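Summary of structural features
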Amino acid sequence: MPKYYPYKICGYYLYYTEHCIIEAMHVHASDTKLSERGSAKFFVKSDGSTVIKAEGNLKGHEITKIQKFIKEHYLDMYKTWSEDSSNGFYQN
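Anyway, here's the lowdown on the structure attached to this text. Just so we're clear, the structure is a prediction, and the values are computed from it rather than from any experiment. (Residues numbered from 1 in each chain as written. Predicted model: local features only at pLDDT ≥ 70, side-chain atom pairs only at ≥ 80, totals over all residues. Heavy atoms only, no water.)

1. Considering the environment of Asn92
Here Asn92 lies in the segment after helix H1 (60-82). For the pair Asn92 and Tyr15, spaced 77 residues apart in the sequence, the C-alpha separation amounts to 21 Å. The residues contacting Asn92, other than those within four sequence positions of it, are Lys45 and Val51. (Helix = DSSP H or I, 4+ residues; strand = E, 2+ residues; numbered from the N terminus. Contact = heavy atoms within 4.5 Å.)

What follows is the structure in structure tokens.
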């Protein structure tokens, strides 16, 4: 699983799977297994805001902190995403 960063944010790794690069840019968050199952999923828009597809095991305050982190770092994260995917930001 490609991680956006080697360290955890709010106790969660931020990553994407090789199976989901056919979708628009998004971020999974999980503290244990790096898979889609049980993870939170944030689709990222071109302004860094996010749309939550799944909350996984995250609590509300953790979601808010991760959304803030994504907003602050989304352009760097997009560089990592674009190494494996030709799909851009979430449009809807």
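2. Thoughts on the side chain of Thr17
Note on placement: Thr17 falls in the loop between strand E1 (13-15) and strand E2 (26-30). Ignoring sequence-local partners within four residues, the contact set of Thr17 consists of Met1, His28, Ser35 and Glu36.

3. A look at the packing of aromatic side chains
Summed over all chains, the structure comprises seven aromatic pairs. Centroid distance Tyr4 to Tyr16: 5.3 Å. Interplanar angle 55°. Geometry classified as tilted. Of this pair, Tyr4 sits in the segment before E1 while Tyr16 sits in the loop between E1 and E2, and the two are twelve residues apart along the sequence. Both residues of the pair, Tyr4 and Tyr16, count as buried. Judged by centre distance (4.4 Å) and plane angle (25°), the rings of Tyr78 and Phe89 are stacked. Note that Tyr78 is positioned in helix H1 and Phe89 in the segment after H1, a separation of eleven residues in sequence. Its relative accessible area of 24% is what places Tyr78 among the partly exposed residues. (Phe/Tyr/Trp six-rings, centres within 6.5 Å; stacked < 30°, edge-to-face > 60°. Buried < 20%, exposed > 50% of the residue type's maximum accessible area, 1.4 Å probe, protein only.)

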